[in-house]
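Observations on the three-dimensional arrangement
Chain by chain, the residues run as shown.
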Amino acid sequence: MTIRYLIQKEFLQIRRNSFMPKIIFIFPIVIMCVMPWVMNQEVKNIVVDVVDNDRSVRSQQLVHRIESSPYFIFGGQQPTYAAALKEIEQSRADIVLVIPQNYSRDLATGQPTQVLIAANAVNGTKGSIGSSYLTQIISGEWRMYSLEFPTGLPSRAVANSPLSTLNSKLLYNKYQSYKVFMIPALMGILMMMLCGFLPALNIVGEKETGTIEQINVTPVSKWAFILAKLIPYWIIGMLVLTVCILLSWAVYGITCQGPLVLVYLLAVLLALFFSSLGLIISNYSDNMQQAMLVMWFFVVCLMLLSGLFTPTRSMPSWAYATTYINPMHYFIDAIRTVFVRGGGFLSIAHQVFALFTLASVTAVWAVLSYKKNH
């Protein structure tokens, strides 16, 4: 009965706080409706300058295909490669395409021809992906040209062309939408913020006002006090997760491909870990500034090393080793397996066990670190 009244007290404090209900309501809407459009690593709007040394109908067709691509912005034609390079140096262009002389004649006669693609690789991802897009357009132009021959391109042209007989099939994310990749991970960020930051700031706030001392002299057990502090935020977290799933369906048409119960199981385990971590930090902090700074340090590190934005396999070996104790890594890997691929429990059993272990250790630490004076 005691814990019920304590939980009721927490909900009353949240409701009477002029700021807390607003942030709980606005935060998931902003994360789900704004961030998927902003946090997009798809490379678009690449400015391309062309140096056309051939000036033939065939070279102009290639230029027009680049202009019509949704990934490129045609910056114009430059008279020389040196002039185009100055555009890159002044950040007015990202890629330069140089079409050689006799480009059209070489295609017709089957002679080998070389097209130069010079990309600004200061941003390595943009440079490499932009070059790949441009290579695909050139390959497509070759394919269209080959259809003009009844028997295909001359044998020498086929041997020297960038055409490939490889076929690719896209699994799970047919249209390669980055939103499908990011939305499940954004749910983890929401759980981390709501169930990690808010309990920590709540307890430290009570320390600063002195109300926690009144609880410490009562016969309320440590477990009852801690559960009463955490359960309201777990409930809020589950409600926010439900809202996120509904927004994902209503706004983007993205639905969970696997059992929803597994999504909630993963969210509960992540909420347990971060609420326990927040409690640990609040136990060792004397004021709200300390708690916020330390909590933010852990949150940023766990988030950036989790594979949220970039593949963990791309990290150095010493950085990849940290993923073994990173609950966000297990959560993001598991929720993408369930939400995007439609995996079942057996496909995420390893992640569930790891999350349960980490959450249990931090929960026990949180209880032991709380000092209660009788």
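If you're wondering where the values come from, they're calculated on a predicted model, not measured in any experiment.

Observations regarding the sheet that holds strand β1 (residues 46-52)
Taken in spatial order, the four strands of this open sheet run β2-β1-β3-β4, and their pairing is mixed. Only two strands of the sheet have a single partner each, and these edge strands are β2 (72-77) and β4 (116-119). Adjacent strand axes in the sheet meet at a mean angle of 25°, parallel and antiparallel pairs treated alike. Pairing of β1 with strand β3 (residues 95-99), which is carried by five bridges, proceeds in the parallel orientation. In the strand pairing of β3, Asp-52 is matched with Ile-99. Against the sheet, helix α5 (residues 81-89) engages β1, β3 and β4, with an angle of about 170° to β3.

Regarding the pattern of salt bridges
Tallied over the entire structure, the rule returns one salt bridge. Across the pair Arg-92 and Glu-87 runs a salt bridge, and its minimum N-O distance is 3.0 Å. When its relative accessible area of 48% is taken as the criterion, Arg-92 is described as partly exposed.

Remarks on the side chain of Asn-326
Checked against the element boundaries, Asn-326 lands in the loop between α14 (317-320) and α15 (327-339). Its relative accessible area of 2% is what places Asn-326 among the buried residues. Side-chain polar atoms of Asn-326 contact the backbone oxygen of Leu-305, separated by 3.5 Å. Setting aside residues no more than four positions away along its own chain, Asn-326 makes contact with Leu-302, Leu-305, Ser-306 and Leu-358.

A look at the confidence of the model for the protein chain
When pLDDT is averaged along the protein chain, the result is 81, and 86% of the positions lie at 70 or above. Across residues 150-166, confidence stays below pLDDT 50; counting only partners more than four residues off in sequence or on other chains, it has 25 contacts.

A look at a nonpolar patch on the surface
A cluster of nonpolar residues, Phe-25, Ile-26, Ile-29, Val-30, Val-34, Trp-37 and Val-38, forms a patch on the protein surface that exposes about 670 Å² of accessible area. Broken down by secondary-structure element, the contributors of at least two residues to the nonpolar patch are α2 (20-33) and α3 (35-38). Residue position: Val-38 is located in helix α3.

Focus: the pairing of β1
Counting buried residues in β1 gives seven out of seven residues, a clear majority hidden from the surface. Of the strand pairs in this sheet, β1 and β2 are connected by five bridges, and their pairing is parallel. The partner of Asp-49 across the bridge, within β2, is Gly-76. The parallel pair β1 and β2 is bridged by helix α4 (residues 57-67), and the resulting crossover is right-handed.

How each quantity is defined
- Residues numbered from 1 in each chain as written.
- Predicted model: local features only at pLDDT ≥ 70, side-chain atom pairs only at ≥ 80, totals over all residues.
- Heavy atoms only, no water.
- Pairing = 2+ DSSP bridges.
- Helix = DSSP H or I, 4+ residues; strand = E, 2+ residues; numbered from the N terminus.
- Axes fitted to C-alpha atoms, helices over the stretch in contact; angles between N-to-C directions.
- Contact = heavy atoms within 4.5 Å.
- Salt bridge = Lys/Arg side-chain N within 4 Å of Asp/Glu carboxyl O.
- Buried < 20%, exposed > 50% of the residue type's maximum accessible area, 1.4 Å probe, protein only.
- Polar contact = N/O pair within 3.5 Å; in protein donor to acceptor, adjacent residues only side chain to side chain.
- pLDDT = per-residue confidence, 0-100.
- Patch = residues over 30% accessible without salt bridge, like charges linked within 9 Å, V, L, I, M, F, W, Y side chains within 5 Å.
- Areas by Shrake-Rupley, 256 points an atom, 1.4 Å probe, with all protein chains shown as cover.
- Right-handed = clockwise from strand over helix to strand, strands pointing away.

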